[in-house]
Amino acid sequence: MEEPQDLLRKMRTEIRDVIGRTPAEQGEPIIHFIPVEKEEGKHSEAGPRKEPTATRRLGVFPSSFNPLTVAHVELTRRAREKFHLDEVVLVLDAQAMDKEIQGATLEDRLWMLRLFARSCPGHRVAFSSHGRFLDKLRAFSRLCPDVQEFCFIVGYDTIVRVLDPKYYDDRERALAELFQGSRFLVA
């Protein structure tokens, strides 16, 4: 059995490794799931973690999480409840579209998300190489081909950015692909 300090060091190393393997906005979009072991004595209502299956509705909640707030938690709770999402993935981007990385480091943000997901059934954590939603959708579609519906959970300010033409070479084509492949739940 590992000592607690060794286990913490190992988990921190795993997070650093994921960040190092995920260059921002280069090549094909990549999503890496962060390992989240449940706290001893706590069990998910769905049992052990599995990859999403054909019957799954997956909530995808990208944010800068600087830090994870009560509003983030409440948004995911309500989205899961109202839209019958089987699971919500909290996604941190290697580089946000409109923000410089300030405050907490990416490593610390992933650590905070991991600690939250450990104690909150139905939540996972992922790290994305790309900030655009269409890129995330493409990466999740490759990683989880059996998911029936991807539901992006966003605030009003984010949906305004999603619709902004400055992010697209061919806005109509890109938005058609995005909205055919996913649903947006807007708070």
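Residues numbered from 1 in each chain as written. Predicted model: local features only at pLDDT ≥ 70, side-chain atom pairs only at ≥ 80, totals over all residues. Heavy atoms only, no water.

1. Quick look at the overall build of the chain
Argument step 1. On a plain count of helices and strands, the chain comes out with six helices and six strands.
Argument step 2. Each helix (α) and strand (β) of the chain, taken in turn from the N terminus, gives the series α-β-β-α-β-α-β-α-β-α-α-β.
Argument step 3. Restricting the contact set of the chain to residue pairs at least 6 apart, pairs at least 24 apart contribute 78%.
Argument step 4. Within the structure as shown, the chain displays about 10,300 Å² of accessible surface, and the carbon and sulfur contribution to it stands at 53%. (Helix = DSSP H or I, 4+ residues; strand = E, 2+ residues; numbered from the N terminus. Contact = heavy atoms within 4.5 Å. Areas by Shrake-Rupley, 256 points an atom, 1.4 Å probe, with all protein chains shown as cover.)

2. Looking at the pairing of strand β3 (residues 87-93)
Argument step 1. Counting buried positions along β3 yields seven of seven residues, so the element is predominantly enclosed.
Argument step 2. Taking every second residue as pointing to the same face, both faces of β3 are buried, with E87, V89, V91 and D93 on one and V88, L90 and L92 on the other.
Argument step 3. In the sheet, strand β2 (residues 57-62) pairs with β3 via five bridges, with the strands oriented parallel. Opposite P62, over in β3, you have V91 as the bridge partner.
Argument step 4. Handedness of the crossover is the feature at issue here: the chain leaves β2, passes through helix α2 (residues 70-83), returns alongside β3, and the resulting connection is right-handed.
Argument step 5. Relative to strand β4 (residues 123-128), β3 is paired through six bridges, and the arrangement is parallel. Residue pairing for β4: V91 is matched across the bridge by A126. (Buried < 20%, exposed > 50% of the residue type's maximum accessible area, 1.4 Å probe, protein only. Pairing = 2+ DSSP bridges. Right-handed = clockwise from strand over helix to strand, strands pointing away.)

3. Regarding the pattern of salt bridges
Argument step 1. Counted under the stated rule, the structure contains 18 salt bridges.
Argument step 2. A salt bridge links E87 to R56, with the nearest nitrogen and oxygen atoms 3.3 Å apart. Of this pair, E87 sits in strand β3 while R56 sits in the loop between β1 (31-33) and β2, and the two are 31 residues apart along the sequence.
Argument step 3. Among the ionic pairs, R183 bridges to E149, the shortest N-O distance being 3.9 Å. Of this pair, R183 sits in strand β6 (residues 182-186) while E149 sits in strand β5 (residues 149-154), and the two are 34 residues apart along the sequence.
Argument step 4. Through salt bridges with shared partners, one network takes in R12, R16, E107 and D108. (Salt bridge = Lys/Arg side-chain N within 4 Å of Asp/Glu carboxyl O.)

4. Describing unusual backbone geometry
Argument step 1. Put simply, N66 and P67 share a cis peptide bond, and its omega is 5°.
Argument step 2. By the secondary structure assignment, P67 is in the loop between β2 and α2.
Argument step 3. You will see that F65, though not glycine, has its phi angle at about 45°, which is positive.
Argument step 4. In this structure, F65 sits in the loop between β2 and α2.

5. Some thoughts on the sheet that holds β2
Argument step 1. Strand order in the open sheet made by the six strands is β1-β4-β3-β2-β5-β6, with mixed pairing throughout. Taken across any chain shown, the strands that pair with only one partner, and hence form the sheet edges, are β1 and β6. This sheet shows a mean twist of 30° between the axes of neighbouring strands, independent of strand direction.
Argument step 2. The pairing of β2 with β5 spans four bridges and is parallel. Following the sheet pairing, L58 is matched in β5 by F150.
Argument step 3. Against the sheet, helix α3 (residues 106-119) touches β3 and β4, its axis set at about 160° to β4. (Axes fitted to C-alpha atoms, helices over the stretch in contact; angles between N-to-C directions.)

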